[in-house]
Amino acid sequence: MADSEHPRLILHHFLSPDLCKELEFIHKSCSTIGYRKNVFSTTLSHLIATNSAHLILPFIPVREKLKEKVEEFFGCEYELFIEFTGLISWSKGASIGWHSDDNRPYLKQRDYAAVCYLNSYGVDFGGGLFHFQDGEPTTFIPMAGDVLIYTADSRNVHSVEEITNGERLTLTLWFSRDKSHDEDSKLISFLTKCPFNCSDPSLKDYLPSPASQNMYWFPPEQSSTYQSGFDIRFARLHVLGYKPYSTDASFLIKEHSSSEFSDILLEPLHVVRGNELFDKEFTNLSHLLQVVQFYHWKAPQLQRSSEFKMEPIKVVPISTSQQENIWRMKLEFLKDEHLAETIFHCATCGEHDWVSFCGIVDLWEAYTSKLWHKMVVILPKWIANQSIFYEPNCWVD
């Protein structure tokens with residue numbers, strides 16, 4: 001898969017379909033505005049900062065396996081440190097021209113890269129192909145689970161063509177020989193500030209705590225005024241057919257500016273689909289989005305099983321005044337509906353039934369609680385070793 005002048009490696013089906021879907025769930029629940037036009041990212045440090053540190057656990061086994069593969073292929077066993085780990089999605093209009101991954105003074109520490117595709121070309125997105133300037137293969141056409149590994153220097157100058165539709169989603173890692181750029185030490189420093197100090201947490205201990213509003217506003221150049229564009233969390237709910245509802249919307253829209261009105265997304269919300277309101281409160285918009293994205297990850301499996309217990313469906317028709325509040329929120333947070341549907345294109349909203357959704361709420365809490373308890377066990381070991389590593393015993397359910 002490589003020559004000495006342009007060393008690179010392709011690994012097909014390296015990530016399992018289940019892991020690809022789990023990482024997609026994390027990204028679509030937690031992402032913020034990215035570093036390039038029409039790009040969105042979810043970093044491990046961001047997950048920790050927003051009280052979702054437990055969601056870094058699904059990354060750890062594959063992160064370790066990728067490091068071993070890179071060291072083995074390039075003959076540098078035990079020499080590398082992981083410099084960056086993150087989920088990155090490219091939406092319609094995103095692209096990048098010819099470059100190497102170490103092409104800036106502040107990137108010179110990067111020695112190797114691994115790009116893991118979580119979805120498939122021609123199925124989930126169009127365009128966005130990865131091209132090398134020299135060597136073979138010149139173009140990589142990915143399927144979900146494939147990994148592309150290459151040197152970060154001028155031996156592997158590459159480009160990514162413009163996304164024409166859909167959302168190209170990857171797990172991307174960079175590796176360095178420079179220990180001072182070891183991502184682990186930075187992450188552990190952040191993790192020591194997290195409340196993983198009790199074995200019997202309440203729900204509030206692992207509910208997401210959103211970052212500042214401007215990190216979620218698209219396009220980013222409008223994040224100081226909110227005069228156009230949309231909140232990306234609101235938009236992701238919209239393309240799946242869901243609308244947030246707040247009892248405070250009509251009061252706040254009269255009393256506050258748009259920037260202050262955004263505080264409503266930090267307050268308890270309900271979710272509406274069609275003309276029906278699910279009669280359960282979610283702590284904030286990020287909490288609601290996590291549950292909805294979890295539903296779209298897990299629902300296809302649940303419809304073929306009896307994994308969740310049946311409960312009374314807590315759904316009521318929306319009233320005229322509630323419809324007015326939903327409309328007011330949409331005016332504030334989805335100012336450009338067409339742009340939102342272009343950026344987060346969804347061919348179909350998918351099937352929905354409130355019985356499954358009701359069960360999913362409990363399953364999301366069980367999933368999150370399980371990860372939280374694993375963090376309670378493993379974090380002291382990470383701190384003691386000043387290294388983030390996979391320990392099978394801690395991953396046993």
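Everything in this summary refers to the structure shown in the same document.

Criteria and cut-off values
- Residues numbered from 1 in each chain as written.
- Predicted model: local features only at pLDDT ≥ 70, side-chain atom pairs only at ≥ 80, totals over all residues.
- Heavy atoms only, no water.
- 1 Å grid on protein atoms, 1.4 Å probe; cavity = no way out; pocket = protein on both sides within 12 Å on 5 of 7 lines; lining within 4 Å.
- Points joined across faces, edges and corners; volume = space filled by probe spheres on them.
- Helix = DSSP H or I, 4+ residues; strand = E, 2+ residues; numbered from the N terminus.
- Nonpolar A, V, L, I, M, F, W, Y, C, P; charged D, E, K, R; others polar.
- Pairing = 2+ DSSP bridges.
- Axes fitted to C-alpha atoms, helices over the stretch in contact; angles between N-to-C directions.
- Contact = heavy atoms within 4.5 Å.

## Looking at empty space enclosed by the protein
Summary: where empty space remains is shown by rolling a probe the size of a single water molecule over the atoms.
Here is step 1 of the chain: Within the structure shown, the criterion is met by three cavities of 30 Å³ or more.
Here is step 2 of the chain: Roughly 70 Å³ of volume is contained in the largest cavity.
Here is step 3 of the chain: Every residue lining the largest cavity is listed: S29, C30, H46, T50, S52, P208, S209, P210, Y216, R233, S286 and Q290.
Here is step 4 of the chain: Listed by contribution, the elements that provide at least two residues to the lining of the largest cavity are helix 1 (17-30) and helix 8 (285-302).
Here is step 5 of the chain: Here the residues of the lining of the largest cavity sort into four nonpolar, seven polar and one charged.

## Topic: the sheet that holds strand 18 (residues 315-317)
Here is step 1 of the chain: One open sheet accounts for four strands, arranged 15-16-17-18; its pairing is antiparallel. Lying at the two open borders of the sheet, with one neighbouring strand each, are strand 15 (243-245) and strand 18. Going from strand to strand, the sheet's axes swing by 40° on average, the running direction of each strand aside.
Here is step 2 of the chain: Pairing of strand 15 with strand 16 (residues 269-273) involves three bridges; the strand directions are antiparallel. Paired with P244 across the bridge in strand 16 is V271.
Here is step 3 of the chain: Contacting strand 16, strand 17 (276-282) and strand 18, helix 11 (residues 354-385) crosses the sheet at an angle of about 10° to strand 17.

## Quick word on the layout of surface pockets
Here is step 1 of the chain: Space inside the second largest pocket adds up to approximately 630 Å³.
Here is step 2 of the chain: Residue lining of the second largest pocket: 26 residues in total, with Y35, R36, I96, R110 and W174 positioned closest to the centre.
Here is step 3 of the chain: Elements with a contribution of two residues or more to the lining of the second largest pocket: strand 3 (39-43), strand 4 (81-91), strand 5 (96-99), strand 6 (112-117), strand 11 (158-160) and strand 12 (163-176).
Here is step 4 of the chain: Top contributing element to the lining of the second largest pocket by residue count: strand 12, with four residues.
Here is step 5 of the chain: Looking at the lining of the second largest pocket residue by residue, the classes come out as 13 nonpolar, eight polar and five charged.

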